[in-house]
Every structure is written in C-alpha cells, then in structure tokens.
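Structural features, examined
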Amino acid sequence: MKFVAFERAKQGTGASRRLRNSGRTPGIVYGGAGEPQLVELDHNALWHAIKKEAFHASILDMEVAGKESKVLLRNVQMHPYKQMILHIDFQRVDANTKLHMKVPLHFKGQEDSEAFKIDHCLITHVLNEMDISCLPSDLPEFIEVDLSGLKKGTSFHVNDVKLPNGVKAVVKGRENPVLVSVVASAAEVSAEAAAADAAAAPAAAAGKGGKAAPAAKAAPAAKAPAAKK
C-alpha cells in the first residue's frame, strides 16, 4: 500500500496546531540507519487510509520528495472526541531485521464445526489479533484461523494456529493464550441444572439412612354427641 508524505520543517505545539488547521497531520518517521524525519500528510487521505486493515498490518511504501521507503505504522494519536488524527508515527523497515507486530486474525469454518452445528455452543473470539515475529518479507497482512474442528467443552489456543512459513507467535514464557472459547448455550445449561434438581429431589425427601420418613398418623375422628331424651 502506497501513500505520499511531505517534508515538515517546523515543529512544536504552535506549528502542529497551525498544520492541523490547514488540513494536514504532523508525523514522524524513525528507525533504521537514518535520522528521525518530520513529515506531514493530508488529513483526509490519511483518515480514509487508517480505516483499511492493510494500513495497520502490512509494510507501506511511503513517498517523500520523490523518494520511496518501506515503513510500518507504529502509532496513531486521535483527538478525544473529534474525528481528527493529531499525530502519526512510522518506523523504517530493514529487510534483514525481524519485526514484532500485531496481526489481525481472520476466522473461518465456525459454522461448520460440531460445536456450532450439533451442540449449538456459544463460541467467543477472545482475541482478534496475534503478536508475531518475522522478517519484513514474511509479514502476512492477516492470519487465517480454521475453526471447523471446534468441539463442545474445548478451547482454541495460540499454539493451535497454523502460521505461515517464517512467522513465529510471540508469547510470554510458556503461556498459550486462548483465542476462541467454546461453552454450552444458556438454554442447555438451564436444562442440565433443572435435570440435576429433579434428580436431587427424591434424595432430599428421604429420611436418615436413605429410608423414607414414616407417614404421620391420622388423628381419630371426633365422636358425635349423644342425642338428648
């Protein structure tokens, strides 16, 4: 994905405010062998670009003063309540240096799984992106996750994902985070609870030692008074 940026000479709060008022967004490009470079971008074009998934998770071709370079989007600072981008950061890409990136997950096959079709389980996507490490040439725009094998009472973890060649998941220590959880539906849980209550009712009514409590004796019927002569 390609975009155009322009060299920015001035910096500081006042200069950035004037830049935003003119319809431009201040930014910076850093990393690699070069010095940090101040840039500015057309705000409207940038606003539409950040809505695209590829702008966040792929290597971008940035053109500045007729020269192109490979960069990654690293940070976007938004206005707290206006639809405005206040500042944007890019990092230069070195072809021989591994990247650490968050890549979006695209799920497929959920509707074909046993958990969904037969058991009608509730399937929750716990994570929608994954931390990965790879060389720039191996960076995927997204990672596809096949959920067609989901079963009731199981979970889908990071280690269950089939990663592209050259891509490695980045996790802390020996952790294996859950990506997708599978639980029984609320209706099924209620039915199982009702069945358990019904099964427990006779036991609760039983007396000590498992014997039923004796029935209470009926009170003797009252005698009618004798008739007067």
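Look a little higher up for the structure.
The following paragraphs examine the structure supplied in this document. (Residues numbered from 1 in each chain as written. Predicted model: local features only at pLDDT ≥ 70, side-chain atom pairs only at ≥ 80, totals over all residues. Heavy atoms only, no water.)

1. Looking at unusual backbone geometry
Within the chain, Ala65 stands out as a residue other than glycine whose phi angle is a positive 55°. The residue Ala65 is located in the loop between strand S4 (60-64) and strand S5 (67-78) in this model. Accessibility expressed as a relative area gives 59% for Ala65, which makes it exposed. One non-glycine residue, His120, adopts positive backbone phi at about 50°. With respect to the helices, strands and loops of the structure, His120 is situated in the loop between helix H4 (114-117) and strand S8 (122-125). Classification of His120 as exposed rests on a relative accessible area of 53%. (Helix = DSSP H or I, 4+ residues; strand = E, 2+ residues; numbered from the N terminus. Buried < 20%, exposed > 50% of the residue type's maximum accessible area, 1.4 Å probe, protein only.)

2. Points about helix H1 (residues 13-21)
Among the residues of H1, Ala15, Ser16 and Leu19 are the ones counted as buried. For H1, the angular spread of buried residues about the axis comes to 100°, placing them on one side. Facing away from the buried side of H1, by more than 90 degrees, are the exposed residues Thr13, Arg18 and Asn21. In this structure, the buried residues of H1 make contact with strand S2 (24-30) and strand S3 (37-42). Gly23 sits one or two residues past H1 and shows a positive phi near 90°. (Arc of directions from axis to C-beta. Contact = heavy atoms within 4.5 Å.)

3. Here's the deal with the pattern of salt bridges
The full count for this structure, using the stated rule, is six salt bridges. Notably, a salt bridge pairs Glu68 with Lys2, separated by 2.8 Å at the nearest N-O pair. Linking Glu68 in strand S5 with Lys2 in strand S1 (residues 2-7), this pair joins segments that are 66 residues apart in sequence. Overlapping salt bridges bring together Lys2, Glu63 and Glu68 as one network. (Salt bridge = Lys/Arg side-chain N within 4 Å of Asp/Glu carboxyl O.)

4. Brief notes about the pairing of strand S9 (residues 129-134)
Residue alternation in S9 divides its side chains into a buried set, Met130, Ile132 and Cys134, and an unburied set, Glu129, Asp131 and Ser133. Sheet analysis places S9 next to strand S12 (residues 168-169), joined by two bridges and oriented antiparallel. Pairing of Ser133 across the sheet is with Lys168, part of S12. (Pairing = 2+ DSSP bridges.)

5. A few points about the sheet that holds S5
One closed barrel accounts for six strands, arranged S1-S3-S2-S6-S5-S4; its pairing is mixed. The mean angle between the axes of side-by-side strands here comes to 45°, regardless of whether they run parallel or antiparallel. As paired strands, S4 and S5 are joined by five bridges and run antiparallel to one another. Directly across from Leu60, in S5, lies its bridge partner Val71. (Axes fitted to C-alpha atoms, helices over the stretch in contact; angles between N-to-C directions.)

6. A closer look at the pairing of S2
Both S2 and S3 contribute to a ladder of six bridges, which runs antiparallel. Counted as the bridge partner of Arg24 is Asp42 from S3.

7. What about the sheet that holds strand S13 (residues 178-183)?
The sheet built from three strands is open, its strands ordered S8-S13-S11 with antiparallel pairing. Each edge of the sheet is formed by a strand with only one pairing partner; in this case those strands are S8 and strand S11 (155-157). Geometrically, the sheet is characterised by an average inter-axis angle of 10° between neighbouring strands, direction not taken into account. Alignment of S8 against S13, held across four bridges, turns out to be antiparallel. What sits directly across from Thr124, in S13, is Ser181.

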